[in-house]
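# Understanding the architecture of this molecule
The residues making up each chain are set out below.
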Amino acid sequence: MAKQDKKKHVPSFSLHRQNKTLKKEIKKCFSQVVESGNFVLGDNVRILEEQISYFCNVKQGIGVANGSDALYLSLLACGVGNGDEVITTPFTFFATAGAITRTGAKPVFVDIDAKTWNIDANLIEEKITTRTKAILPVHLYGCPVEMDAIMEIAKRYQLKVIEDAAQALGAEFKGQKVGSFGDTCCISFFPTKNLGAFGDAGMVLTNNPDIAERIKLLRVHGAKKKYCHEILGCNSRLDELQAAILRTKYKYFEQWTNRRRQIAKKYHDLFQKQSIIVDGVNIKLPHEPTYAYHVYHQYTIQTKQRDQLKEHLKQNGVETTVYYPIPMHLQEVFAPLGYGDGDFPIAEAACNEVLSLPMFPELTDKEVGYVVQSIIDFFSK
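Residues numbered from 1 in each chain as written. Predicted model: local features only at pLDDT ≥ 70, side-chain atom pairs only at ≥ 80, totals over all residues. Heavy atoms only, no water.

## Side note on the pattern of salt bridges
For the coordinates displayed, the defined rule picks out 18 salt bridges. In this structure, R261 engages E288 in a salt bridge whose closest nitrogen and oxygen atoms are separated by 2.7 Å. Within this pair, whereas R261 is found in helix α8 (residues 253–272), its partner E288 is found in the loop between α8 and β12 (292–293), the two being separated by 27 residues in sequence. Residue R261 is classed as partly exposed on the basis of its relative accessible area, which comes to 24%. Where E353 meets K304, a salt bridge forms, and the shortest distance between an N and an O atom there is 3.4 Å. Here E353 is found in helix α10 (residues 345–353), whereas its partner K304 is found in the loop between β13 (299–302) and α9 (306–315), with 49 residues between them in sequence. (Salt bridge = Lys/Arg side-chain N within 4 Å of Asp/Glu carboxyl O. Helix = DSSP H or I, 4+ residues; strand = E, 2+ residues; numbered from the N terminus. Buried < 20%, exposed > 50% of the residue type's maximum accessible area, 1.4 Å probe, protein only.)

In structure tokens form, the structure reads like this:
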């Protein structure tokens with residue numbers, strides 16, 4: 001099939017189809033914001049905060065400028081600062097470890113679970129010191145972390161928990177929404193996320209009223225009253241226009257999540273039918289633990305022939321992406337932390353072997369079939 005139709009193009013991710021469907025609604029909400037003349041922290045932000053917090057079964061949502069600031073402000077609001085340590089995963093986007101460093105704290109990495117690619121909770125306790133202030137688990141690719149173990153360790157050592165759910169809005173651990181476990185949860189609405197704005201946008205979720213008030217203070221230069229600054233904050237407000245766009249899209253969010261899960265099942269079923277594709281041998285398929293409701297921000301496979309397969313798919317018109325090619329502990333900026341090759345072998349192997357296949361709600365079953373057939377062609381050579 002792949003050899004017969006090499007001109008076919010399957011994007012890794014695309015908003016064109018979605019935007020075309022929502023064009024009239026987006027134009028309407030855009031016009032309403034313009035006509036209101038209110039562009040910062042208005043009604044759209046307030047209502048979106050209420051919608052997302054209600055959806056995640058959390059008491060408060062605080063809109064901020066982006067997901068990176070959501071992490072940074074959460075850490076500050078939880079009292080993380082100079083000299084502290086925060087335990088997290090080396091297999092994540094830079095913002096996770098970057099936010100820790102911005103506070104003056106030190107990221108302490110723990111290797112990942114080989115099946116889920118999330119932080120291995122069994123390895124956390126041995127990294128706890130007198131300086132440890134918090135644990136920052138990342139629900140990578142939309143798959144929830146094993147939160148029971150995380151919360152038990154945090155309770156025993158009196159640590160804060162900041163959930164990074166940038167890729168996992170709507171995911172569930174044992175029937176409970178991610179974001180409702182930790183002291184805070186950090187959401188990104190970057191355009192490529194499952195619920196994406198037309199630019200940068202983010203949100204912090206929390207059940208703690210004191211933390212909520214502190215984040216509200218931090219996002220507006222530390223001022224409750226205009227021009228009266230109590231603490232050193234920053235400018236990190238969720239844009240009213242972005243909030244209006246997100247509210248428009250939110251109506252379809254659960255529908256889109258269901259479609260992502262359907263696409264993931266289609267991929268999985270087609271792969272399982274092929275005798276040459278043996279899970280964990282030629283390729284490893286995404287793992288959805290029994291405790292998890294995975295929202296498939298990405299459908300990521302793992303193969304030792306990643307680079308060759310990526311090139312083969314490119315030649316056949318299939319776009320793919322590597323999330324992420326370099327683990328945090330081997331990033332140049334974190335060299336002073338003293339980590340080296342081999343320190344976190346499972347994370348390092350993932351960086352060398354993972355490949356994210358096309359995944360977005362508007363992807364067709366026919367396109368999924370073409371992607372799978374192209375991969376089968378590669379392994380059949």
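Alright, that's what it looks like, and here's the rest.
## Some points on the nonpolar core
Inside soluble globular proteins, nonpolar side chains tend to come together where they are buried. Counting 42 residues, the largest nonpolar core has L73, L75, V86, F91, W117, L136 and I215 as the members making the most contacts within it. Mapped by element, the contributors of at least two residues to this core are β1 (60–64), α3 (67–77), α4 (94–102), β4 (132–136), α6 (209–218) and α10. In terms of residues, this core owes the most to one element, α3, which gives 7 residues. Residues contacting L136, with those up to four places away along its chain left out, are L71, L75, V86, I87, T88, T89, T96, I100, I162 and D164. Among the nonpolar cores identified, the runner-up in size contains 28 residues, and L270, I283, L355 and L357 belong to it. (Core = buried A, V, L, I, M, F, W, Y, C linked by side-chain atoms within 4.5 Å. Contact = heavy atoms within 4.5 Å.)

## A word on the side chain of T206
One can find T206 in strand β9 (residues 202–206). Residue classification places T206 among the buried residues on the basis of a relative accessible area of 1%. In terms of polar contacts, T206 uses its side chain to reach the backbone amide nitrogen of N208, at 3.0 Å. Those residues in contact with T206 that sit more than four places away from it in its chain are V58, K59, Q60, I62, D183, T184, I211 and A212. (Polar contact = N/O pair within 3.5 Å; in protein donor to acceptor, adjacent residues only side chain to side chain.)

## Some thoughts on the sheet that holds strand β2 (residues 85–88)
Ordered in space as β1-β9-β8-β5-β4-β2-β3, the 7 strands form an open sheet in which the pairing is mixed. The sheet is open, and its two edges are formed by β1 and β3 (106–109), each paired on a single side. Sheet twist, expressed as the average angle between the axes of neighbouring strands with direction ignored, equals 25°. Strand direction decides the pairing type here: strand β8 (residues 184–188) and β9, joined by 4 bridges, are antiparallel. Counterpart to I187 in the pairing with β9 is M203. Here α4 sits on the sheet and contacts β2, β3, β4 and β5 (160–164); the angle it forms with β3, its principal contact strand, is near 140°. Helix-sheet contacts for helix α5 (residues 147–157) involve β4 and β5, and the interaxial angle to β5 is about 155°. (Pairing = 2+ DSSP bridges. Axes fitted to C-alpha atoms, helices over the stretch in contact; angles between N-to-C directions.)

## A few points about the packing of aromatic side chains
Each aromatic ring pair is characterised by the separation of its centres together with the angle its planes make. This model, assessed by the stated rule, comprises 20 aromatic pairs. Taken together, a centroid distance of 5.7 Å and an interplanar angle of 80° make the contact between W117 and Y141 edge-to-face. Highlighted residues: W117 in the loop between β3 and β4 and Y141 in the loop between β4 and α5, separated in sequence by 24 residues. An identical accessibility class is assigned to W117 and Y141; each is buried. Through successive ring pairs, a cluster of aromatic residues spans F91, F93, W117, Y141, Y323 and Y324. In this structure, K8 is placed above the aromatic ring of Y370, and the distance from its NZ or CZ to the ring centre is 5.7 Å. (Phe/Tyr/Trp six-rings, centres within 6.5 Å; stacked < 30°, edge-to-face > 60°. Lys NZ or Arg CZ within 6 Å of the ring centre and 35° of its normal.)

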